[in-house]
Amino acid sequence: MPIMVAPTAMQKMAHPDGEYATARAASAAGTIMTLSSWATSSVEEVASTGPGIRFFQLYVYKDRNVVAQLVRRAERAGFKAIALTVDTPRLGRREADIKNRFTLPSHLTLKNFEGLDLGKLDETNGSGLASYAAGQVDRSLSWKDVKWLQTITHLPILVKGVITAEDTRLAIQAGAAGIIVSNHGARQLDYVPATIMALEEVVKAAQGRIPVFLDGGVRRGTDVFKALALGASGIFIGRPVVFSLAVDGEAGVRKVLQMLRDEFELTMALSGCRSLKEITRNHVVTKWDHPRVAPRL
């Protein structure tokens, strides 16, 4: 199904089984899970849960040897693509994290970095995550890094965090195999466009050369339908996975994936679509189609 699991960090803060539960639920649903670089389970541990198609989300660290090691481990663990996050050279001002002095509980680590002495967040007067990101993530990230990644892995590179036509064209020029339209859950920059509003611009710029996916804002099967009608090849969900994981572990994630599948399938049926190919631009109306009509996305 075109409903996939987005990378969300530190899932063991939501449930003791964390990424293990999410991986099993995604596999049972026959869909793709994307594992966060900042997961509380390693690529090897997630692979050990059994068969399933998985992508690995990557932050580019200042130490490129760390990056190369992570990518090779993901390859060896059977991951099928790299989702390179490009919208976080600096972490957005997450005021709740600052207020709460966010850090990882003492019994948890960023498992992919455990052996590199980079697995813990230091306690600070503000956000421990912001401090960690400032110290480790490379602010000089550029399109050259997309090309460099292609020299160290055979895996396709999906560029995550694009919301404009200009960046779409640059991503394609840099050799991206796909684009994930994402605003990082709207947590990076206030007033950033909703991904559903940015989607069509990106799809038009891609001109069918590479697939375009939508990340964020999906809460119902009707949202999935709208994204596909506007040209997305599929969508990724983040918060619904973490919420359902917190409620009921693996069973919760299974349920949310099944709910979205059922709602999406019903929307297709009631819209007269027998297959994904029959979902077209004609199935949605936006304010751009009829300027005098209120937005109905």
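Treat the numbers as computed from the prediction; the structure is a model and nothing was measured. (Residues numbered from 1 in each chain as written. Predicted model: local features only at pLDDT ≥ 70, side-chain atom pairs only at ≥ 80, totals over all residues. Heavy atoms only, no water.)

(A) Layout of the overall build of the protein chain. Secondary structure summary: the protein chain contains 10 helices and eight strands in total. For the protein chain, whose C-alpha radius of gyration is 19 Å, the value lies close to the compact-globule estimate of 19 Å for 297 residues. For the protein chain, the spread of C-alpha atoms along the three principal axes comes to 55 × 40 × 40 Å. Sorting the 297 residues of the protein chain into buried and exposed places 51% on the buried side. When the accessible area of the protein chain is evaluated, it comes to approximately 14,200 Å², of which 51% is carbon and sulfur surface. Measuring between centres, the 37 positive side-chain charges of the protein chain sit 3 Å from its 29 negative side-chain charges. (Helix = DSSP H or I, 4+ residues; strand = E, 2+ residues; numbered from the N terminus. Rg over C-alpha atoms; globule rule 2.2 N^0.38 Å. Buried < 20%, exposed > 50% of the residue type's maximum accessible area, 1.4 Å probe, protein only. Areas by Shrake-Rupley, 256 points an atom, 1.4 Å probe, with all protein chains shown as cover. Lys, Arg positive; Asp, Glu negative; His and termini not counted. Charge placed at Lys NZ, Arg CZ, Asp CG, Glu CD.)

(B) Quick peek at helix 7 (residues 165-173). Buried residues of helix 7: Ala165, Thr168, Ala171 and Ile172, and no others. Projected down its long axis, helix 7 carries its buried residues within an arc of 120°, all on one side. Buried-residue contacts for helix 7 involve helix 6 (143-152), strand 5 (157-162), strand 6 (178-181) and helix 8 (195-206). One or two positions beyond helix 7, positive phi appears at Gly175, with a value near 95°. (Arc of directions from axis to C-beta. Contact = heavy atoms within 4.5 Å.)

(C) Region of the structure containing the side chain of Arg94. Tracing the backbone shows Arg94 in the loop between strand 4 (81-85) and helix 4 (95-100). Here Gln188 takes part through its side chain, which lies 3.2 Å from a polar atom of the side chain of Arg94. (Polar contact = N/O pair within 3.5 Å; in protein donor to acceptor, adjacent residues only side chain to side chain.)

(D) View of helix 10 (residues 239-270). Helix length check: helix 10 (32 residues) gives 27 Å between terminal C-alpha atoms against 46 Å at 1.5 Å per residue, more than 12% under. At Asp248, helix 10 shows its largest bend, some 135°. After helix 10 finishes, the residue Gly272 shows a positive phi value of roughly 80°. (Expected span 1.5 Å × (residues − 1). Bend = angle between axes of the 7 residues up to and from the residue.)

(E) Region of interest: the nonpolar core. Within the largest apolar cluster, 81 residues are counted, with the highest numbers of intra-cluster contacts made by Trp38, Phe56, Leu58, Tyr61, Phe113 and Ile235. For this core, the element with the highest residue contribution is helix 10, accounting for eight residues. Once residues within four sequence positions are removed from consideration, Ile235 is found in contact with Pro2, Ile3, Met4, Leu214, Val218, Val224, Ala227 and Leu228. Counting 10 residues, the second-largest nonpolar core is a separate cluster that includes Ala6, Ile32, Ala83 and Leu158. (Core = buried A, V, L, I, M, F, W, Y, C linked by side-chain atoms within 4.5 Å.)

(F) How the structure looks around the packing of aromatic side chains. Here the structure, examined in full by the defined rule, presents four aromatic pairs. Judged by centre distance (6.3 Å) and plane angle (85°), the ring pair of Phe56 and Phe79 falls under edge-to-face. With Phe56 in strand 3 (residues 54-58) and Phe79 in the loop between helix 3 (64-76) and strand 4, this pair connects stretches of sequence that are 23 residues apart. For Phe79, a relative accessible area of 3% corresponds to the buried category. (Phe/Tyr/Trp six-rings, centres within 6.5 Å; stacked < 30°, edge-to-face > 60°.)

(G) Quick peek at unusual backbone geometry. A positive phi angle is found at Arg101, which is not glycine, with a value near 50°. Residue position: Arg101 is located in the loop between helix 4 and helix 5 (128-136).

(H) Representation of the pairing of strand 7 (residues 212-215) within the structure. Taking every second residue as pointing to the same face, both faces of strand 7 are buried, with Val212 and Leu214 on one and Phe213 and Asp215 on the other. In the sheet, strand 6 pairs with strand 7 via three bridges, with the strands oriented parallel. Residue pairing across strands places Ile179 opposite Val212, the latter belonging to strand 7. Each parallel crossover has a hand, and for strand 6 linked through helix 8 to strand 7 it is right-handed. Of the crossover connections in this fold, the one passing from strand 7 over helix 9 (residues 221-229) to the parallel strand 8 (residues 234-237) is right-handed. (Pairing = 2+ DSSP bridges. Right-handed = clockwise from strand over helix to strand, strands pointing away.)

(I) How the structure looks around the side chain of Asp87. Mapped onto the fold, Asp87 is located in the loop between strand 4 and helix 4. Buried Asp87, no salt bridge; nearest opposite-charge side chain is Lys160, N-O distance 5.3 Å. At a separation of 2.9 Å, a polar atom in the side chain of Asp87 contacts the side chain of His184. Other than its neighbours up to four places away in sequence, Asp87 contacts Lys160, Gly161, Ser182, Asn183, His184 and Gln188. (Salt bridge = Lys/Arg side-chain N within 4 Å of Asp/Glu carboxyl O.)

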